[in-house]
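Breakdown of the fold
Next come the chains, spelled out residue by residue.
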Amino acid sequence: MNTIMRKSVLSVAGLAFAGGVFAGPIAAHAAAPVDAKPVAVAVQTAAPKPQGDQSHISLNDKQTANVKAIIAATKKAGLPERAAVISIATSLQESKLENLGHLGDANDHDSLGLFQQRPSSGWGTPEQITNPEYSTTAFLKGLRQVDGWQDMALTDAAQTVQVSAYPDAYAQWEQQATDLVGQHWNS
């Protein structure tokens, strides 16, 4: 059970106990019996709070199309919204959601595409990793191999797949990625 869920359950249990201790004796002296029915209590956990300062960029039509392609590939892979959030935040950090080809001297080794994947590291051919569906599917395949990725901090999950020289950089994009998934998941 994750920490947020455990704290929520313990808080509800603590309130129920405290209510019984303080209200119990008073309720026991009530003049008329009460026909009580069981009440279901729903405990809702919030999405993890983004870590650290958050960055945001305005997106053009091509970047928005790449967001939609990442979401479509995530759905096709049968993964939840959290996987799309991690994928989009990773792409925001790696390429600002631009499907980058070879950048000449500005290239980081042979990194290409939305996720700056490298053919020399086994991600695929240049043609494959500059295809948004393929590159997202390759990223998600790596994510699935990370034990507990669903409950990890976004930056830890992304870093485990990407092995970046800047492991904490993914965190700054979590809020925008969450907002983009919320906006486009059902569209």
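Residues numbered from 1 in each chain as written. Predicted model: local features only at pLDDT ≥ 70, side-chain atom pairs only at ≥ 80, totals over all residues. Heavy atoms only, no water.

1. Thoughts on the overall build of the chain
- Summing up its helical and strand segments, the chain has 7 helices and 0 strands in all.
- The proportion of buried residues among the 187 residues of the chain is 32%.
- Residue pairs at least 24 apart in sequence account for 61% of intrachain contacts in the chain once pairs closer than 6 positions are excluded.
- Put simply, the chain shows about 11,300 Å² of open surface, and 56% of that area lies on carbon and sulfur atoms. (Helix = DSSP H or I, 4+ residues; strand = E, 2+ residues; numbered from the N terminus. Buried < 20%, exposed > 50% of the residue type's maximum accessible area, 1.4 Å probe, protein only. Contact = heavy atoms within 4.5 Å. Areas by Shrake-Rupley, 256 points an atom, 1.4 Å probe, with all protein chains shown as cover.)

2. Quick look at the environment of Ser 87
- Following the sequence through the fold, Ser 87 ends up in helix H3 (residues 81-95).
- Along the primary structure Ser 87 and Ala 158 are separated by 71 residues, whereas in three dimensions their C-alpha atoms are 7.6 Å apart.
- The contact partners of Ser 87, leaving out residues within four places of it in the chain, are Ile 70, Phe 115, Phe 139 and Leu 140.
- A polar side-chain atom of Ser 87 sits 2.8 Å from the main-chain carbonyl oxygen of Ala 83. (Polar contact = N/O pair within 3.5 Å; in protein donor to acceptor, adjacent residues only side chain to side chain.)

3. Remarks on the nonpolar core
- In terms of nonpolar packing, the biggest core is built from 30 residues, with Ile 86, Ile 88, Leu 143 and Trp 149 touching the most fellow members.
- Breaking this core down by element, the ones donating at least two residues are helix H2 (61-76), H3, helix H5 (132-144), helix H6 (154-162) and helix H7 (174-184).
- Element by element, the count of residues in this core is highest for H3, at 7 residues.
- Other than its neighbours up to four places away in sequence, Leu 143 contacts Ala 83, Ile 86, Trp 149, Ala 157 and Val 161. (Core = buried A, V, L, I, M, F, W, Y, C linked by side-chain atoms within 4.5 Å.)

4. Comments concerning the confidence of the model for the chain
- Chain-level pLDDT for the chain is 80 on average; 69% of the residues reach the 70-or-more range.
- Averaged pLDDT values for the elements of the chain fall to 43 in helix H1 (residues 3-28) and rise to 98 in H2.
- Overall, residues 1-46 carries pLDDT values under 50, and its contacts beyond four positions in sequence, including any with other chains, amount to 12 contacts. (pLDDT = per-residue confidence, 0-100.)

5. A look at the packing of H2 against H7
- In the contact formed by H2 and H7, the axes pass within 10 Å of each other and the chain directions differ by 75°. Classified by the angle between their axes, H2 and H7 sit roughly perpendicular to one another. Across the interface between the two elements, Thr 64, Val 67, Lys 68 and Ile 71 from H2 touch Leu 180, Val 181 and His 184 from H7.
- A breakdown of the residues in the contact of H2 with H7 according to their chemical character gives 4 nonpolar, 2 polar and 1 charged. (Axes fitted to C-alpha atoms, helices over the stretch in contact; angles between N-to-C directions. Parallel < 35°, antiparallel > 145°, perpendicular 65-115°, else oblique. Nonpolar A, V, L, I, M, F, W, Y, C, P; charged D, E, K, R; others polar.)

6. Re the pattern of salt bridges
- Taken as a whole and assessed by the stated rule, the structure comprises 2 salt bridges.
- Of the charged contacts, one joins Glu 133 and Lys 76 as a salt bridge, the two residues approaching to 2.8 Å between their closest N and O atoms. With Glu 133 in helix H5 and Lys 76 in helix H2, this pair connects stretches of sequence that are 57 residues apart.
- For Glu 133, a relative accessible area of 37% corresponds to the partly exposed category.
- Two residues, Arg 82 and Glu 174, come together in a salt bridge whose shortest N-O distance is 2.9 Å. One end of the pair, Arg 82, is in helix H3; the other, Glu 174, is in helix H7, with 92 residues separating them in the sequence. (Salt bridge = Lys/Arg side-chain N within 4 Å of Asp/Glu carboxyl O.)

7. A short note on the side chain of Glu 174
- Assessed through its relative accessible area of 2%, Glu 174 is described here as buried.
- In terms of polar contacts, Glu 174 uses its side chain to reach the side chain of Arg 82, at 2.9 Å.

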